[in-house]
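# Secondary and tertiary structure notes
So the chains spell out like this:
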Amino acid sequence: MTPALKTTDLTRSFDIGKRLFGPPRARVHAVNPMSFEVPTGETLGIVGESGCGKSTLARMLVGLLPPTSGQIEIEGRALDRADPAAFGRLIQYVFQDPVSSLNPRKTIRQIIEAPLRNLHGMHGPALDARIAELFDAVNLRPEFLSRYPHEFSGGQAQRIGIARALAASPRILILDEPVSALDVSVQAQVLNLLAELKVKLNLTYLFISHDLAVVEAVSDRIAVLYFGSLVESGPAEKVFATPRHPYTKLLADSAPVVGRPLGGAQSGELPDPLNPPLGCAFATRCPRASDLCKRAIPELRVVEGDQFAACHHPLAP
Amino acid sequence: MSLFLRLLFRNKLAGFGAVVLGLIVVLALLTPILPLHPPNETNTANRFLRPLSDGHLLGTDHLGRDLLSRLMWGTRLSLAVGFAAALVAGLLGATIGVIAGYFGGRTDNVTMRGIDMLMAFPYILLALAIVAVLGPGLFNALVAVAVVNIPFFARNIRGVTVGIAHREFIDAARLAGMGNTRILLTEVVPNIVPVVVIAMSTTIGWMILETAGLSFLGLGSQPPQADLGSMLGEARAALITAPHTSIVPGVMILLIVMSVNLLGDGIRDALDPRLRSGALSRPMAATRVKRAEAPAPKGDGLLRIDALETQFHVGPRIYRAVNRVSLQLDPGECLGLIGESGSGKSVTALSVMGLVASPPGVITGGAIRLNGQDLIGAPYELLRSLRGRKVAYIFQDPLSTLHPLYRIGDQLIEAIRVHEPVSHAEAHRRAIKLLEDVRIPNAAQRARAYPHEMSGGMRQRVGIAMALANDPEIIIADEPTTALDVTVQAQILALLDDLRRSRGLAILFITHDFGVVAQLCDRVAVMYGGRIVEAGPTPKVLAAPAHPYTKRLIACVPELGAGRRALAAIPGLPPAVDDLPPGCAFAPRCEKARDSCRAGEIALDGDARQVRCLFPEVTP
Amino acid sequence: MGGYILKRLISAIPVLLGITVIVFLIMAMIPGDPATAILGSYATPENVERLNRQLGLDEPLWKQYFIWLGNLLQGDFGRSFALNRPVLDEILDRFSATLILAGTAFVLCAVLGVAAGVISAARQYGLADKAITFVVILGISVPSFFLGMMMILLFAVQLRWLPASGMYSIWGGGGLVDLIRHLTMPALALAVVATGVVARLSRGAMLEVLRQDFIRTARAKGVHERRVIRGHALRAAMVSIIPVLGIQAGFVLSGAVYIEMVFQWPGVGRMLVDAILKRDILLVQGGVVFVAACYVGFNIVVDVAQAWLDPRIKT
Ligand SMILES: Nc1ncnc2c1ncn2[C@@H]1O[C@H](COP(=O)(O)OP(=O)(O)OP(=O)(O)O)[C@@H](O)[C@H]1O
Ligand code: SF4
Ligand code: SF4
Ligand SMILES: [Mg+2]
């Protein structure tokens, strides 16, 4: 079966200090060659710390940012030109900050209409019916349609954002930290809504977050990013329970959990992106680092069964 | 619209400006039908008549022309030219700015270099050069003034556009299949319009002055036609003998420009959302206190907060951010304060040392006793001497809480020297020691760094070092790790835990993360809607929460290691603190709520284990 | 720092070239025969002929530009037909007078404006704030030339405290005291508007900064309020005030044109206006390029000051 989403060696680098003429002063590799697949109906969770390339990856996947190299395939079709309109019918994006993702000068109806009109050429009664259906799907009352975004709380605004994404009838949703800006008690409402919609509409999700617990709770599989590279991937229940990559283990140990003493307090920081290390990017912080690690970049490969890690000396379970 | 007008006229000066300007504009419009002398009718026999002469209310000028009539016609001209120049400059400048800002990249680069080039001229030079080419004349002066002002508009609007072009709703519009033109017209421009209106309304006055200026120099309107500027220019020769010929047009310019400026300021204040909410007010050195009387002291303890009430008075609204909160902190103890956003955690913490921004904050009741001494309403000098010395703070975002322009070493040195008169060298030595204590490698060298040169974790270590500078008894840490990544958070928490044990610090630790509370705090208090709803020893509260809110909050937060599952969400929203229901604030979301819950005040019951609920989950 | 200054100096070269291009193009747009325009309508055919050759006016436009630029770089700004002397000599004579006037006014507006803004912000809504706001509104609304005229009426005509015009007294003039007596009124009149603008923006910048988190940090450390305002807040506010000062310098220089007219100050502004009215093109061209170049230089100083103040810029 063709996967819903497939990337092959997807990369993106940014030029720093652009000049009017001539080459840029420096180049930062935000996403190193990255290949993965998401089967239809699955949720792939993506975790990583700030600056590890999560949002860059997400923006490439929806066509907002052209990749430097590599390919994106959605349901077997290659999307080789960064064109949000072409992507839009297949894959949509839910933003982190729900309020700033809604134009403050448009009514909710105008916001929801846009994808329906532009991507599906809908109008008249069909349009109204579809809007009503969407609003119902995200549990919002129809009288909200004539209001402006600032009248809504974060949780409601995020539902509107989800309704807008669904309006395009996409096959895949990219959820970029969809609940980080919400109150804890509202987070669960939105997460549950997303789970419900996924089943109902047979969607595929890419769920990006820095919150390990949230990712673990919603994902089928999890991919861990570090410094622009995929360092580990595997089934959700195994990745943090039996991490194979030392970085994943550090992450899992660092997360504060009730009933566990403070842990994971390991020194060290991210490498300088302008001056990346030769070998494994985690080597300066890794307790298992060897000479090999400092020389050669580890490739992502099977460690055991369905667990993959990019490490020369992966951990035993 | 009506809201706009109401906001506009809230500002009395703007109203005054609007009235004066309105009057002048109406008179200018009516000029052709008013019974005035023809403005250019000369009568050399009646030169320089003083004001209030027969038939000439304002007197006459050097050619015996009626000043009142010339004034009215001149005003008409000046107003028209000023507005036209502002309109042209504003529209052209805004168009350039929007296009450069939206498309960015090379378009932006080239356009802005050009704009910079134009702005490299002191602007009158450009105007003079343009008039030199086109020749003197009112229309040419208008063109010159409009052209030289385009760069200012373009630059301003470009900045705003860049900000908007990077907002997420633009991306969303792209994904909704809109093209660049559609996005520009329907997403960007509507958001720019208020800025353009503000920019124009605050510069029209300036444009009127400028065109008048060129006419004054003889480069604008040519005789016999006169605008206000050229009237002044012609009158200058007779300044000493017939001052009224100068004063009349001069005062008119002053009146017009002043009323335009007042009105422009009013429009700006009414359109700018930040100014509208009155947010641009300066927080005072200490929070305002308006307290009837202090509650009687109860018991002791290092820090005792008794029935603290802190409110925000914004216009007619009262936000009860902290509502009769009582807390106690003993020496060497770590007390966790947990709650959702807006529940009043930070305001409680900031009230202790009078750091709540005021206006709009006011402490309206309660007592805060440090070693028995009440701090509410204490003189500023006392508060100041305690701040940082007895009670120190660590704030959330270490990038915005450190001064961006001072080296971190200097910030530490300052923290030491405000309370202790030690030499600079001694303070420097201690600062390095502090940096070492918080495990910053290479401390001596790092002391010379600026905050932006450090990573988030390092900055927060500096924040902690600064809090430790004077060996305080209490540290109030307001979500010190929320802005950090998990691995860095773990490092900082471990550091705080170490320091507290080795130095015997008492910590008030604010967070919204139960995991953190469990790992760090001896006791925990839960806040909801500005009140403490539950408090007690951490393990007990977490294991058997007594308040329904605590219980359900714990249940709806996923926990690492529990695997994939549906979460038990709490329906509804946290309450707005400007509109709290009577009785239990959680009642609208509580499954167990009954009428009695909504009837009236519910007390915080219990001793070591307290809960504010009529039907607690467990009996504490 | 040295590196930054060098970088900034180098980046000024294209700006200077751009200025010459703009001025050249504007002047090239003058309708009619340029040589006649430059020499005035009474020029003899021989003179026109000579000038045509000298400026390469029969060459294509871009060549003319380079001939003109080459002359400029050698310090040859051409000859003013109206004054019959080299343009550069005239400019240099006049520019020193303008520099004294505008420089004084600029220092006044910077010092008074920032001080007023800080006081105003520190006592927001207090009496001092209201008084300053009122004066500021008046200041930015009054035309400087009108203000100058009223000052002459009051201080020179009515009170006879100060001389009404000129830079030095014609008889027995010279010397610093004489200069200051002549300078006081024009410098004040010129400074008023700019002071208003600076005060306004400084107040806004201070209010903006005072709400920032790092001010709360300073207070939480126990730093005295006086130092919070004059140290922490003012320093941070200067980051947005300094560019305003740079722009205001341009406005002061611009305003100097009016003030020089009103007070008969023998500066470059009056020279330019006279030159325009007499259509003395080379003098206008040279004067504009010269003053603009000086302003570019001043802006470099402003940028360097900014970089020195704000360590975040240099990266
Ligand atoms: N400057 C202010 N003006 C008006 N209201 C304010 C202001 N600051 C805080 N409030 C109000 O006080 C209430 C409590 O805010 P507070 O910052 O203490 O919440 P918090 O619990 O610290 O939230 P968070 O988790 O987001 O930090 C909020 O509902 C807010 O509306
Ligand atoms: S490759 Fe080496 S340094 Fe990198 S994570 Fe694995 S063991 Fe550690
Ligand atoms: S008092 Fe009533 S409404 Fe409030 S939490 Fe307890 S049971 Fe629920
Ligand atoms: Mg807070």
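It should be emphasised that the depicted structure is a prediction, and the values quoted were computed from it without experimental measurement.

Turning our eyes to something else, we now look at the site of ligand 3. In the region of ligand 3, 13 residues are neighbours, and Cys584, Cys590, Cys597, Cys613 and Leu614 of chain B sit closest. Among the residues forming the shell around ligand 3, the class breakdown is eleven nonpolar, one polar and one charged.

Turning to the pattern of salt bridges, a few remarks are in order. Working definition: two side chains of opposite charge can pair if their charged atoms are close together. Evaluated as defined, the whole model comprises 57 salt bridges over all chains. In this structure, arginine 609 of chain B engages glutamate 534 of chain B in a salt bridge whose closest nitrogen and oxygen atoms are separated by 2.8 Å. Here glutamate 534 of chain B lies in strand 11 (residues 531-537) and arginine 609 of chain B lies in the loop between strand 12 (605-606) and strand 13 (610-611), a separation of 75 residues in the sequence. Glutamate 534 of chain B shares its class with arginine 609 of chain B; the two are buried. Its salt-bridge partner being aspartate 129 of chain C, residue arginine 203 of chain C comes within 3.0 Å of it at the nearest N-O pair. Of this pair, arginine 203 of chain C sits in helix 8 (residues 176-210) while aspartate 129 of chain C sits in helix 6 (residues 127-141), and the two are 74 residues apart along the sequence.

All names here are of chain A. A sheet is described by the order of its strands in space; here eight strands give the open sequence 6-7-8-3-9-10-12-11, paired in mixed fashion. Since the sheet does not close on itself, it has two edges, and those belong to strand 6 (91-94) and strand 11 (301-304), each with one partner. Within this sheet the neighbouring strands show an average axis-to-axis angle of 20 degrees, counted without direction. In this sheet, strand 12 (residues 307-309) lies alongside strand 11 in antiparallel orientation, the contact comprising three bridges. Bridged to arginine 301 within strand 12 is alanine 309.

On to the sheet that holds strand 11 of chain B. Residues and elements named next belong to chain B. Read from one edge to the other, the open sheet built from eight strands follows the order 7-8-9-4-10-11-13-12, with strand pairing classed as mixed. The open sheet has two edge strands with one neighbour each: strand 7 (391-394) and strand 12. Pairing of strand 4 (residues 334-339) with strand 10 (residues 523-528) involves five bridges; the strand directions are parallel. What sits directly across from leucine 335, in strand 10, is arginine 523. Sheet strands in contact with helix 12 (residues 345-352) are strand 4, strand 7, strand 8 (474-478), strand 9 (506-511) and strand 10, and its direction is about 140 degrees off that of strand 4.

The subject of this paragraph is the confidence of the model for chain C. All names here are of chain C. Here chain C averages 86 in pLDDT, while 93% of its residues score no lower than 70. Put simply, helix 2 (residues 34-39) is where chain C has its lowest mean pLDDT, 68, and helix 9 (residues 213-221) is where it has its highest, 93. Scoring the predicted complex yields pTM 0.87 and, for the interface, ipTM 0.89.

As a further point, take the domain arrangement of chain B. As assigned here, chain B comprises domain 1 (2-34 + 56-279), domain 2 (303-527) and domain 3 (534-611). For domain 1 of chain B and domain 2 of chain B, the distance between their C-alpha centres works out to 49 Å.

Taken together, the contact pairs 76 residues of chain B with 78 residues of chain C. When the two sides are added together, the surface that chain B and chain C hide from each other amounts to roughly 6900 Å², 72% of it contributed by carbon and sulfur. For the chain B face of the interface with chain C, the top three residues by lost area are Val133, Arg282 and Leu405 of chain B, together amounting to 11%. The interface formed by chain B and chain C holds four salt bridges in total. Between arginine 227 of chain C and glutamate 414 of chain B there is a salt bridge, with the nearest N and O atoms lying 2.7 Å from each other. The tally of links between chain B and chain C comes to 25 residue pairs in polar contact (both at pLDDT 80 or more). Contributions of two or more residues to the side of chain B that touches chain C are made by helix 4 (105-119), helix 5 (123-134), helix 8 (180-216), helix 10 (244-271), helix 13 (380-386), strand 7, helix 14 (398-401) and helix 15 (408-417) of chain B. Here the side of chain B that touches chain C takes eleven residues from helix 10 of chain B, the largest share from any one element. Tallied by class, residues from the side of chain B that touches chain C come to 53 nonpolar, 14 polar and nine charged.

Residue and element names in this part refer to chain B. Around ligand 1, the surrounding shell holds 13 residues, and the nearest of these are Ser341, Gly342, Lys345, Ser346 and Val347. Within the contact set of ligand 1, an oxygen atom lies 2.9 Å away from a backbone nitrogen or oxygen of valine 347. Out of a free accessible area of 630 Å², ligand 1 has 68% covered by protein chains. It is helix 12 that contributes the most residues to the shell around ligand 1, three residues altogether. When grouped by side-chain class, the residues that make up the shell around ligand 1 number five nonpolar, five polar and three charged.

Here we come to the arrangement of the chains. Taking contact number as the criterion, the leading pair out of two pairs of chains in contact is chains B and C. Between chain A and chain C there is no contact; the minimum C-alpha to C-alpha separation amounts to 10 Å.

Analysis parameters
- Residues numbered from 1 in each chain as written.
- Chains lettered and ligands numbered in written order.
- Predicted model: local features only at pLDDT ≥ 70, side-chain atom pairs only at ≥ 80, totals over all residues.
- Heavy atoms only, no water.
- Near = heavy atom within 4 Å.
- Nonpolar A, V, L, I, M, F, W, Y, C, P; charged D, E, K, R; others polar.
- Salt bridge = Lys/Arg side-chain N within 4 Å of Asp/Glu carboxyl O.
- Helix = DSSP H or I, 4+ residues; strand = E, 2+ residues; numbered from the N terminus.
- Buried < 20%, exposed > 50% of the residue type's maximum accessible area, 1.4 Å probe, protein only.
- Pairing = 2+ DSSP bridges.
- Axes fitted to C-alpha atoms, helices over the stretch in contact; angles between N-to-C directions.
- Contact = heavy atoms within 4.5 Å.
- pLDDT = per-residue confidence, 0-100.
- Domains from an automatic or database assignment.
- Buried area = accessible area lost by both parts, 1.4 Å probe.
- Polar contact = N/O pair within 3.5 Å; in protein donor to acceptor, adjacent residues only side chain to side chain.
- Areas by Shrake-Rupley, 256 points an atom, 1.4 Å probe, with all protein chains shown as cover.

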